[in-house]
Amino acid sequence: MYENTPLTEAIYYILLSVRKPNHGYGIIQEVSEITGNRVTLGPGTLYGAINTLLAKGWIKLFSEDKESRKKKEYVITKGGREVFDNEVKRLNELVNNAKLMEGE
Amino acid sequence: MLKFRLYYDKDAEQDWLAKMSNRGYAFKNYILGFYTFEECEPGKYLYQIDLLDDKADAYEEFCEFMKESGVEVVARWYRWVYLRKSASEGAFEMYTDNESKIDQYSRIRKFFSFFLVIETFGFFMEINAAIQTGKPLFWFFTLLIGTIALAFLRITWKCSWKIEQLRRD
């Protein structure tokens, strides 16, 4: 179940940013925003990650209208959602176990 | 303005483009060692250099993606691309995590390894010809190809060293 985790921060936040259809620039902006600029995605990092995620089938192209000038949008797949949920479970376990430290 | 330089280390080349931009010269184009610059406000642009995948359709796709992400692809030479952004938009780094930096240096290492093999092969052909014939021209080529091979060896080592550093982080 945890075979695909842990995810890198970049992959984690990209999956989160495509819960609704989003384009490259939108992903970069959203990730900066929700992490208070702690995680900034370089365009090269994002490009590589998107290609990896597409190849793994964790995200898919949402719209590719060659005619219009609309930007390419990506959206998470069922498989991607599963991986993300497993990662959240794993992270919760980490945080829950951290409480043991407080008892000391 | 036209300048001639031979770089095989993209980090050094990138530093030079940054220096030129700070002095008010914006890099515009590259052909076989010749760099064209046009005047700009000092420090207007930030530059990054990248090596594309060897897939045939990589360039179009890459350019489209970069354009949509607010990055300008200024020039291209073979699989190498020169990218820039206005400094007013904040820092510009193509790769922001260790995984993707390692990927980039691995790509560069693979690129130069290929040419290193070819140059090494050429070096032994030339040295053989030089010994057989004793002609100075062959010695000249032996020296030239040997120098190129050493430069490529150096850059593949440097990439390996960078990858090792990044893995340890």
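Residues numbered from 1 in each chain as written. Chains lettered and ligands numbered in written order. Predicted model: local features only at pLDDT ≥ 70, side-chain atom pairs only at ≥ 80, totals over all residues. Heavy atoms only, no water.

1. Observations regarding the sheet that holds strand S3 (residues 34-39) of chain B
Residues and elements named next belong to chain B. Test applied: DSSP bridges decide pairing: two strands pair if at least two such bridges lie between them. For the purposes of this entry, the term helix denotes a DSSP run of H or I that reaches at least four residues, the term strand denotes a run of E that reaches at least two, and both are numbered from the N terminus. Helix axes use the C-alpha atoms of the stretch in contact, all axes being lines fitted to C-alpha atoms, and the angles between their N-to-C directions lie in the range 0 to 180 degrees.
Taken in spatial order, the three strands of this open sheet run S1-S3-S2, and their pairing is antiparallel. Sheet topology places strand S1 (2-4) and strand S2 (25-31) at the edges, where each strand pairs with a single neighbour. Neighbour-to-neighbour, the strand axes of the sheet open up by a mean angle of 30°, direction not taken into account. Taken together, the six bridges between S2 and S3 define a ladder with antiparallel strand orientation. Pairing of Phe 27 across the sheet is with Phe 37, part of S3.

2. Describing the sheet that holds strand S5 (residues 72-77) of chain B
Residue and element names in this part refer to chain B. The condition that has to hold: Here, two residues are considered to be in contact whenever any of their heavy atoms come within 4.5 Å of each other.
What the three strands build is an open sheet, ordered S4-S6-S5; its pairing is antiparallel. Each edge of the open sheet is held by one strand with a lone partner, namely strand S4 (45-51) and S5. On average, each strand axis in the sheet is tilted by 25° relative to the strand beside it, whichever way the strands run. With five bridges connecting them, S5 and strand S6 (residues 80-86) associate as antiparallel partners. Considered in S6, the bridge of Glu 72 is made with Arg 84. Contacting S4 and S6, helix H1 (residues 10-22) runs over the sheet at an angle of about 160° to S4.

3. A closer look at the confidence of the model for chain B
Residue and element names in this part refer to chain B. Applied cut-off: Per-residue confidence from the predictor is given as pLDDT, running between 0 and 100.
Per-residue pLDDT for chain B averages 93, and the proportion of residues at 70 or more is 100%. When pLDDT is averaged over each helix and strand of chain B, the minimum, 89, is found for helix H2 (residues 58-68) and the maximum, 96, for S4. Confidence metrics for the complex model read pTM 0.87 and ipTM 0.86.

4. Re the side chain of Lys 85 of chain B
Residues and elements named next belong to chain B. Test applied: Relative accessibility thresholds used throughout: buried, under 20% of the residue-type maximum; exposed, over 50%; partly exposed, between the two (1.4 Å probe, protein chains only). When charges are counted, Lys and Arg contribute as positive and Asp and Glu as negative, whereas His and the chain ends are disregarded. Every case where a carboxyl oxygen of Asp or Glu lies within 4 Å of a side-chain nitrogen of Lys or Arg is listed as a salt bridge.
The topology assignment puts Lys 85 in strand S6. Of the side chains bearing the opposite charge, Glu 89 lies closest to the buried Lys 85, which forms no salt bridge; the N-O distance is 4.1 Å. With near-sequence residues (within four places) excluded, Lys 85 lies in contact with Lys 44, Tyr 45, Leu 46, Gly 70, Val 71 and Phe 92.

5. Some words on the packing of helix H1 (residues 9-17) of chain A against helix H2 (residues 24-34) of chain A
Residue and element names in this part refer to chain A. Defined as follows: Oblique is the label for any angle not under 35 degrees, not over 145, and not in the 65 to 115 range, which are roughly parallel, roughly antiparallel and roughly perpendicular in turn. Classification convention: Asp, Glu, Lys, Arg as charged; Ala, Val, Leu, Ile, Met, Phe, Trp, Tyr, Cys, Pro as nonpolar; all other residues, Gly among them, as polar.
Where H1 meets H2, the closest approach of the two axes is 10 Å, and the angle between their N-to-C directions is 110°. Taken together, the axes of H1 and H2 are roughly perpendicular relative to one another. Contacts from Tyr 13, Ile 14, Leu 16 and Ser 17 of H1 reach H2 at Ile 27, Glu 30, Val 31 and Ile 34. Split into classes, the residues belonging to the contact of H1 with H2 amount to six nonpolar, one polar and one charged.

6. Describing the packing of aromatic side chains
Remark: the centre distance and the inter-plane angle together describe each pair of aromatic rings, the angle taken between the planes. Residue and element names in this part refer to chain B. Let me state the cut-off plainly: Aromatic rings from Phe, Tyr and Trp, with only the six-membered ring used for Trp, were paired whenever their centres fell within 6.5 Å, and each pair was classed as stacked if the ring planes differed by under 30 degrees, edge-to-face if by over 60, and tilted otherwise. A positively charged side chain is recorded as over a ring if its NZ (Lys) or CZ (Arg) lies within 6 Å of the ring centre. The angle to the ring normal must also be within 35 degrees.
Counted under the stated rule, the structure contains 25 aromatic pairs over all chains. Here Trp 16 and Tyr 35 contribute two aromatic rings whose centre-to-centre distance is 4.9 Å and whose plane-to-plane angle is 85°, an arrangement assigned as edge-to-face. With a gap of 19 residues between them, Trp 16 in helix H1 and Tyr 35 in strand S3 connect regions that are remote in the sequence. Of the two residues, Trp 16 and Tyr 35, both sit in the buried class. Where Trp 80 meets Phe 112, the ring centres are 6.2 Å apart and the plane angle is 45°; that geometry is what we call tilted. One end of the pair, Trp 80, is in strand S6; the other, Phe 112, is in helix H3 (residues 98-133), and 32 residues separate them in sequence. Through a chain of ring-to-ring contacts, three or more aromatic side chains come together here, namely Tyr 7, Trp 16, Phe 27, Tyr 30, Tyr 35, Phe 37, Tyr 45, Tyr 47, Trp 77 and Tyr 82. Lying across the ring of Tyr 59, Arg 76 places its NZ or CZ 3.8 Å from the centre. Above the face of the Tyr 45 ring, Arg 84 is positioned so that its terminal group lies 3.7 Å from the ring centre.

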